[in-house]
Structures are given as C-alpha cells and as structure tokens.
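# Residue-level structure breakdown
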Amino acid sequence: MNTTLRRSIILLAFLVFLSIEKKPEKPNATFTAKDNVALKRISGTVVSPDGKYAVFASRQWDPETGKNYNNLYYVAVDGSEAAKEVTKPSFDYADMNPVFSSEHTGYLFFLRSNSEGSQIYYIQFPPTETSEAKKVSSYELDVGSFTISKNQVVFQTDFYYECGNNMTCSKEKDQEVASRGSNTYTIYDKLMVRHWNMWYTPMKYSTLFFDTLQGTGDNVTTTGAAENLQFNQPFQSPPIEMGMEQVTISPNGDYIAFATIEMNEKMAYNTKWEIYLYNIADKTAQGITAERVGRCQMPLFSDDGKFVSMLCMNRNGIESDQLHVYVYDMDSKTFAQPGIEETFFKPTLSSYSWYTTEPKTFILSTLAEGRTQLYLYDFTATTIETAHTAMTDNNLVYGSPIKINDNQIVISFSGFLNADTVARLDKDPTSGSWVQVELADLNKDTLAKFELYEGENFFFDSEIEGERVQGWILKPKAVDDEVEESSTFKAKKFYHVMVKFIAPVCVVAILIYMV
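This write-up is about the structure you can find in this document.

Now for the pairing of strand S13 (residues 204-214). With nine of 11 residues buried, S13 is to be regarded as a mostly interior element. When strand S10 (residues 152-160) meets S13, the two strands line up antiparallel, connected through nine bridges. Counted as the bridge partner of Val153 is Asp211 from S13. Note: S13 against strand S15 (residues 227-228), two bridges, orientation antiparallel. Bridge pairing links Phe209 to Asn228 in S15.

What follows is the structure in structure tokens.
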C-alpha cells in the first residue's frame, strides 16, 4: 500500500474518532461547596434613626487568599436605591457591628479590627467619596462588640475579673501568658474547659463595660473612663459567645439590662442565665429573674421604658427548651401576666422585637420544620385565635425584626433557595396581610449562573413515642433517579466508555497495523 493511501486511511480514522459524540458540558451548572462559602453573608442589620436607610455588615471569603473581606453596606428602605458600600472591602481591616445614635445624626458607628486591634470607629452617613472612618475608642483591650444609645456606650471585652476596673491589669496578664510561648499548658481544676471551638482561660471572662461619648461632629470619642458592669464577680456577659442582642439600654438612659451567667463548676450543665438591671446613676446591679427556673435572654426595653421584656425557658438543664415571652414592669418590679398562657404556641422562638406598648404586642421570629415564620403576638389577648397572627411563612429569618412604623418592618433572612437578603414587610391597610419587598440581595447576579437545589421535607421517628424528627434533604436538579453506585449505572458507564472511546482507538490501531 502506497504512502498516500496509508495517510488517507489514518486521517479518515482520526476524523471518525473526533466525530464521536461527546456529552455537552453545562458551564456553571453545579453549585459547589466552594461557591457556597464564597457568597456574601450579611449580619447586624440596623435602621437609621430617620427610618430612611438600612445598614448591614457583609462578609465574603476570597478563594485566592483564603481570607475574608468584611465591610459595610447601606440600602434605601423605600427601595429607591440599590445597595451601596459604606466602607470598602480590604484585607487591612474588618468592619462589622454597625450602630446608630440619635444624638449623632449624620454618622454611623461601627467596629473595626486591624493590625492595631479592635476598636469603635465612626464615619459620615450617608457616606461620600471622601468620607473617612475616624477612631472613637482607644481602650487597652480589644472591643469585641458594642451598642450605643444617645451618648451611652456598652461594649464587651475579654477581661480577668480579679482586675476589678483596671484594664491595664488585664492587659498585663495577657502579656504574661503570651510571654510563655506556645510550649506551655493550662491547668483546669473545674468545668467549663471548652465550648465549641473556644478554650476558656481560667479567671478571664467576657465582660461588659459602660462608657459615654464626648464631643460632636467630626470630633467624637469615648471618655476612656469605662466602668465594669459585672461588679467584679465571676460572671460572663454576654453568656457563651453571644452578642449584643443580650444587652439593651433604656430609652431614658437610666438602666442597662443584660443577660449573664455565673462562671462556676455548674456551668457545663447549668443553662440558667440571669437578667440584671444596672442602675447607671448609682452604679449598682440587681438580678430580676431569680424566680425563673430556666434561662432568660435577649432583654428589650419598651419604647416608653416602662417595661423590659425577655425570652425565658421554663426548665433548667435543657439547652434547647422552648422560649416564652416574659414582661417585667419597671414600676411594680413584678412580671406582668399574659392574657393566655403561651404553651399552646409550638414553634420555637428565635428572636423578637416590640411592636406596640399598649397593648403589649411583639413581632416574633419562630422556627418550625427548618423554616421561620414571623408572627404578631398580642401579650394581652385572651383567646388563642387572637393571640397570634402570621406575617410570613417562607424564609429563615435571623436577627431581630426592626419596626419602622406600624405598617413597615425591615428583616434579614436566608432561605433554602436564596442567599442572605435584606427586605421590607409592608402591611396592606385593607386586608391586614404583609407583603415582602426585597431591598438588597448581594448574591443575585452570582447565583443566576447556577442551577440551584430543591429542598425536600422529610421525617423519621424518634425514640420518644409520638414525636418525629424533621429534616431537609437537598438534591441537585440534574440528578437522575439512578444512583451512581448502582450496578445499572456502572454498566451503562462501562458501555459508554467502550463505545465512545476505546472502540475508536482500537479501530485506528488496527488500521495502522494492517497498513
């Protein structure tokens, strides 16, 4: 066979091989774990005193460096403007915990962590292209979180309680521990030793301090004369890695209510958290929930300051026990009685906020079957039918709902088929129903490229008679009924490889051999 014919046969065989049908690939069809962790996550949503803007913190993981961007965004509550940056994303700092003060309109306070530590900053708001963040606090210890009401500041820091009110003392103890190097050890002679991924340092606890703001305009700072709220006792506040949702300042600035837990050997199994009232004028603190058997948390003052509400469990030692709304009367120093016992309400309460003081009504965020509903709860209602009114039913809401007025509420949520979003709820004046209006979804364009998953609700029996455990299973939309590990699937895969790949290669080899 001549050279020309040989080359023609080889070329023909090669073209046949190239023409074999290949399964078309669908770019970006699969949403992976890496895509998931790269989404922007929002937290700490607050609303400006004039009700015009919602501000929130955003955290995004960068796959190139493995680090996180943490910066702040704002969006118009009326929906007239898209979300914009308050601070720019940078690896040089992390911005979070936005807070407004009615005494300092035109400014936004927030927490910034950088190479110098973690302190309170503020910036002109709404920001301009030339707006720059300015430092408000310069404490010797890092600020973990904070809240502001008018000119009053409450912040959290990790502190050696035996140091009383002396931050220098606590800092020196940290330096002494650091000087030992990594080749050292800690002796624990009692519980608690570790909670989730955090090791406890003996005698060093999360502690609340109180300070005030001084100055105006572009020259606002803290006085630096911070007072320890926890009366030099081995208490932790906020308890167990919680945040400033466990702290609230009264509208008239007379009291600070906060949740705390005593640090002792019972802490490993004791779930009882106490609510304390700190009198700012005489610098004394008094517990108000000693008669409550279970844990109490998330204190909130009513708008008129006459009541402080909280969520409490009725049993101790059960970490996931059901929460109930309790209302403490500041004048009578007693707990108000609800119109009807709330035990009929099965979903678990996750967060809440005051809606009206008279009558006492609340917006409840309730969790059931992996989904969250918002309810209006009338504390004074005397019938089951009038006590609760459903507002939403389709999202996972986190953070406390924020009331703008009687007909508008701002919420933050994350659902099974959508990432973190800020939205507004509008009350229809005719029907009384609530309509959701999206305000900010920082991941909409990113998620549009993917074929997302569908969630299926399922149940299985538990060891408790009559009780079932609920869960969700997420499957890719493209998954066939056959499972890849099945013998049928493997047989089809073998056939596909033989026909589509190995057979053409063998044909080419035989032709070359014959030539």
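The discussion continues.
This brings us to the pattern of salt bridges. Inspection of the entire model under this criterion finds 14 salt bridges. Measuring nitrogen to oxygen at the nearest pair gives 3.7 Å for the salt bridge that ties Lys173 to Glu162. Pair noted here: Lys173 is in helix H3 (residues 167-179) and Glu162 is in the loop between S10 and H3, with a separation of 11 residues, a long-range link. What makes Lys173 partly exposed here is its relative accessible area of 29%.

What follows concerns the packing of aromatic side chains. Applying the stated criterion across every chain yields a total of 23 aromatic pairs. Ring centres of Tyr53 and Phe125 lie 5.5 Å apart, and the angle between their planes is 90°; this geometry places the pair in the edge-to-face category. Here the residue Tyr53 occupies a position in strand S2 (residues 53-62), and Phe125 occupies one in the loop between strand S7 (117-124) and strand S8 (134-135), the gap between them amounting to 72 residues. On the numbers, 5.1 Å between centres and 35° between planes, the contact of Tyr107 with Tyr122 is tilted. Of this pair, Tyr107 sits in strand S6 (residues 107-114) while Tyr122 is found in strand S7, placing the two residues 15 residues apart along the sequence. Each member of the pair, Tyr107 as well as Tyr122, is classed as buried. Taken together, Tyr352, Trp354, Phe362, Tyr377 and Phe379 form an aromatic cluster joined through their ring pairs. Its end group placed over the ring of Phe335, Arg292 keeps NZ or CZ at 4.9 Å from the ring centre. Between Arg295 and the ring centre of Trp273, over which it is positioned, the NZ or CZ distance is 4.2 Å.

To continue, consider the sheet that holds strand S21 (residues 296-301). Across the sheet, which stays open at both edges, the four strands sit in the order S21-S22-S23-S24 with antiparallel pairing between neighbours. In this open sheet, the two edge strands, each paired with only one partner strand, are S21 and strand S24 (334-336). Neighbouring strand axes in the sheet, compared pairwise and without regard to direction, differ in orientation by 35° on average. Examined bridge by bridge, S21 and strand S22 (residues 307-313) share four bridges and lie antiparallel to one another. In the sheet register, Cys296 faces S22, and the bridge partner there is Cys312.

Parameters and conventions
- Residues numbered from 1 in each chain as written.
- Predicted model: local features only at pLDDT ≥ 70, side-chain atom pairs only at ≥ 80, totals over all residues.
- Heavy atoms only, no water.
- Buried < 20%, exposed > 50% of the residue type's maximum accessible area, 1.4 Å probe, protein only.
- Helix = DSSP H or I, 4+ residues; strand = E, 2+ residues; numbered from the N terminus.
- Pairing = 2+ DSSP bridges.
- Salt bridge = Lys/Arg side-chain N within 4 Å of Asp/Glu carboxyl O.
- Phe/Tyr/Trp six-rings, centres within 6.5 Å; stacked < 30°, edge-to-face > 60°.
- Lys NZ or Arg CZ within 6 Å of the ring centre and 35° of its normal.
- Axes fitted to C-alpha atoms, helices over the stretch in contact; angles between N-to-C directions.

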